[in-house]
Amino acid sequence: MTKSTPHISDAPATACCPPIVTAALSEGDAEIMAAMFKALADPVRLRLLSRVASHPSGEACVCDIADVGVSQPTVSHHLKKLREAGLLTSERRGTWVYYRPAPGVLASLGAFLAGTEKADKGEASMAAQVS
């Protein structure tokens, strides 16, 4: 059985998943977010995503981001996992592959996690009022 690639639409960040404290995640949204967080749990993958997302042109050639302390085949493996998780898109141009963050994905992750931070502050404020 093959697993489908999660997809984040080009719509605003709320299109994927609502902030975790505003609504319970559907089974589908939980699957999408879990795949993304699983892919991001590896430090090399997190560094690769960061290099792509912070590249001045908004996209990066694999030749520009491959220096992360692992071999080229390992870099390719990690980039594949980031694509499969729906975090990156890629385009082959001649012999090089260019990567960019999937449309809306960084905003979706940010919005999802921002709700968690807001809830933590609210709980801390309530705890201070109680004590």
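Above this text you will find the structure in question.
Residues numbered from 1 in each chain as written. Predicted model: local features only at pLDDT ≥ 70, side-chain atom pairs only at ≥ 80, totals over all residues. Heavy atoms only, no water.

Undergrad: What am I meant to see in helix H2 (residues 43-53) here?
TA: Helical geometry: 3.6 residues make up each α-helical turn, so side chains three or four residues apart lie on a common side. Burial in H2 covers these residues: Val 44, Arg 45, Leu 48, Leu 49 and Val 52. Each buried residue of H2 sits inside an arc of 135° when the element is viewed along its axis, so together they form one side. Where H2 starts, the residue carrying a side-chain oxygen 2.8 Å from the main-chain nitrogen of Val 44 turns out to be Asp 42. (Buried < 20%, exposed > 50% of the residue type's maximum accessible area, 1.4 Å probe, protein only. Helix = DSSP H or I, 4+ residues; strand = E, 2+ residues; numbered from the N terminus. Arc of directions from axis to C-beta. Polar contact = N/O pair within 3.5 Å; in protein donor to acceptor, adjacent residues only side chain to side chain.)

Undergrad: Sorry, what's going on with the sheet that holds strand E3 (residues 96-101) here?
TA: Through backbone hydrogen bonds, the strands of a sheet pair up, either in parallel or in antiparallel fashion. The strand order across the open sheet built from three strands is E1-E3-E2, with neighbouring strands paired in antiparallel fashion. The open sheet terminates on both sides in strands that have one partner only, identified here as strand E1 (60-61) and strand E2 (88-93). As defined by bridge partners, E2 adjoins E3 across six bridges and the pair is classed as antiparallel. Bridge pairing in E3 links Leu 88 to Pro 101. In the packing of helix H4 (residues 72-84) onto the sheet, the strands contacted are E2 and E3, and the crossing angle to E2 comes to about 125°. (Pairing = 2+ DSSP bridges. Contact = heavy atoms within 4.5 Å. Axes fitted to C-alpha atoms, helices over the stretch in contact; angles between N-to-C directions.)

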